[in-house]
Amino acid sequence: MEKKTEDRSPTNRAVITGCGSFVPSKILTNEDLARMVDTSDEWINSRTGIKTRHLTSDEESTAYLATEAAKRALQYAGLDAEDLGLIVVATITPEMVFPSTACFVQQALGAKKAWAFDIGAACSGFVYSLHLVHQLIENGRLDSALVIGAETLTKITNWKDRSSCILFGDGAGAVVLQRKQNAGRGILYSTVGADGTFWEALNCQAYGSRHPVSRPLDNPDKVYMQIKGREVYQQAVRRIVDAVTDCLEHCGLTLDDVAMVISHQMNARIIESAAKRLNLPEEKVFINIQNYGNTSAASVPIAFDECVRHSKIKKGDIVIFVAFGAGVTWGANVIEF
Ligand SMILES: CC(C)(COP(=O)(O)OP(=O)(O)OC[C@H]1O[C@@H](n2cnc3c(N)ncnc32)[C@H](O)[C@@H]1OP(=O)(O)O)[C@@H](O)C(=O)NCCC(=O)NCCS
């Protein structure tokens, strides 16, 4: 239920008070993939940095992963699900066409007071969601929210296409945001963008209104993700560099002020190439794609949770989240944790 009264105090801050993540237990290695398509551990690792990825079983759905990550984030924050004001799930692999995945999470958590909806901004979905929720909390419209990135991309993977099936994995990450007054920390700034002229670079076309289930597909592969890897690669590097530069300039920060940049994990080489252009030292760039592959909207919150739990990020640190994905979309958030 949305708050009826607004508290527009400029001291309202949207503070991340909890984080959590969850991945399914089944692991698919590069060696496993080499038995399925014409590829090798050497090729995959050298081009992408990926070694393994986690796969959902038939019984494990996006809402299930999201709920497990959410429980961990709520526990970290010490917040009761019943007190939540909003649940946002960033996903391109929703539980079903409708209702939203967020409504299933709301039901599973028993978060009776929360309104709930999904955001479909692909790999940028988590960063987009933080930007939106940040505004609602700072405007005094909301006291608390769960923002979750959750994906089961392996359910829309073409396991015969070696150029895409090596890339993706399943998982979920979540953060709890709470309105704090005079906290002196929280989400400081976000930048977001989109360019629909490049929609063909990354897509999954069936079954939407353009290719409804009632009509036979001209190409049966349209039920799977399709990517133009090289095109994505070049754009991703440029957009990540521009978004991080925008964050630094807008907030008057230097790289010395930033403890960690957490990029969407799409390809270790893309992240390293962007980091090099930004002159970011290696220890300030977190990469865990070797274990999870590309988990789209889930990758930033999974990486953030890992950093927090392994004390790579501490209270008061300045952290930049940055993402690029289908649409094409991109964005970044500056957080004082
Ligand atoms: C997908 C990606 C790893 C491919 O790497 P690349 O260096 O661009 O490779 P190319 O697609 O140009 O293919 C080079 C060759 O490798 C081959 N190849 C493709 N996948 C292969 C695989 N898994 N194993 C072995 N060979 C492979 C190609 O067939 C091609 O062979 P050819 O030269 O004989 O035609 C890389 O482009 C990438 O990571 N792109 C972005 C990923 C992405 O879109 N993520 C989702 C969005 S966030």
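Conventions adopted
Residues numbered from 1 in each chain as written. Predicted model: local features only at pLDDT ≥ 70, side-chain atom pairs only at ≥ 80, totals over all residues. Heavy atoms only, no water. Salt bridge = Lys/Arg side-chain N within 4 Å of Asp/Glu carboxyl O. Helix = DSSP H or I, 4+ residues; strand = E, 2+ residues; numbered from the N terminus. Buried < 20%, exposed > 50% of the residue type's maximum accessible area, 1.4 Å probe, protein only. Pairing = 2+ DSSP bridges. Contact = heavy atoms within 4.5 Å. Axes fitted to C-alpha atoms, helices over the stretch in contact; angles between N-to-C directions. Phe/Tyr/Trp six-rings, centres within 6.5 Å; stacked < 30°, edge-to-face > 60°. 1 Å grid on protein atoms, 1.4 Å probe; cavity = no way out; pocket = protein on both sides within 12 Å on 5 of 7 lines; lining within 4 Å. Points joined across faces, edges and corners; volume = space filled by probe spheres on them. Nonpolar A, V, L, I, M, F, W, Y, C, P; charged D, E, K, R; others polar. Domains from an automatic or database assignment.

Trainee: In this structure, what is going on with the pattern of salt bridges? I would like to understand it.
Mentor: Pairing between side chains of opposite charge can happen when the charged atoms of each approach one another. Overall, the coordinates contain 12 salt bridges when judged by the stated rule. Note that arginine 72 and glutamate 68 form a salt bridge whose closest N and O atoms lie 3.5 Å from each other. With arginine 72 and glutamate 68 both in helix α3 (residues 62–77), this residue pair falls four residues apart, about one helical turn. Judged by its relative accessible area of 33%, arginine 72 falls in the partly exposed class. Notably, a salt bridge pairs glutamate 272 with arginine 269, separated by 3.0 Å at the nearest N-O pair.

Trainee: What exactly am I supposed to notice about the sheet that holds strand β8 (residues 186–194) here?
Mentor: Adjacent strands of a sheet form backbone hydrogen bonds with each other and so pair up, either parallel or antiparallel. Read across the sheet, five strands follow the order β8-β14-β13-β11-β12 without closing on themselves; strand pairing throughout is mixed. What marks the edges here is a single partner per strand, and that holds for β8 and β12 (285–286). Examined bridge by bridge, strand β11 (residues 260–263) and β12 share two bridges and lie parallel to one another. Bridge pairing in β12 links isoleucine 262 to phenylalanine 286. Contacts between helix α7 (residues 229–251) and the sheet are confined to β8, β11, β13 (318–325) and β14 (329–336), with β13 contributing the most and set at about 150° to the helix. Lying over the sheet, helix α10 (residues 299–309) contacts β11, β12 and β13, oriented at roughly 145° with respect to β11.

Trainee: Help me understand the packing of aromatic side chains in this model?
Mentor: Ring pairs (aromatic) are described by centroid distance and by the angle formed between their planes. Under the definition given, this model contains five aromatic pairs. Ring geometry for phenylalanine 304 against phenylalanine 321: centres 5.2 Å apart, planes inclined by 75°, an arrangement best described as edge-to-face. Pair noted here: phenylalanine 304 is in helix α10 and phenylalanine 321 is in strand β13, with a separation of 17 residues, a long-range link. You'll find phenylalanine 304 and phenylalanine 321 in the same group, each marked buried. With a centroid separation of 5.4 Å and 85° between ring planes, the pair formed by phenylalanine 304 and phenylalanine 337 is classed as edge-to-face. One end of the pair, phenylalanine 304, is in helix α10; the other, phenylalanine 337, is in the segment after β14, with 33 residues separating them in the sequence. Residue classification places phenylalanine 304 among the buried positions, given a relative accessible area of 0%. What makes phenylalanine 337 buried here is its relative accessible area of 2%. Members of the aromatic cluster, each reached through a chain of ring pairs, are Phe126, Phe304, Phe321 and Phe337.

Trainee: Looking at this model, I keep getting lost on the layout of surface pockets. Mind explaining?
Mentor: Empty space among the atoms can be located by rolling a probe the size of a water molecule over them. Within this model, the largest pocket holds a volume of roughly 1,000 Å³. Around the largest pocket, the lining is made up of 35 residues, and of these Ile92, Pro94, Ile156, Cys204 and Ala206 lie nearest the centre. Taken together, the residues of the lining of the largest pocket break down into 17 nonpolar, 14 polar and four charged. Composition of the lining of the largest pocket by domain shows at least three residues from each of domain 1 (12–183) and domain 2 (187–336). In this structure, the second largest pocket encloses a volume near 620 Å³. Lining the second largest pocket are 27 residues; nearest its centre among them are Leu167, Gly229, Arg230, Tyr233 and Asn267. Counting only elements with at least two residues in the lining of the second largest pocket, the list comes to α2 (41–48), α6 (162–165), α7, α8 (268–278) and β13. Broken down by element, the residue count for the lining of the second largest pocket peaks at five residues, all from α7. Classifying every residue of the lining of the second largest pocket by side-chain character gives 12 nonpolar, 10 polar and five charged. When residues are assigned to domains, the lining of the second largest pocket turns out to be shared by domain 1 (12–183) and domain 2 (187–336), each giving three or more.

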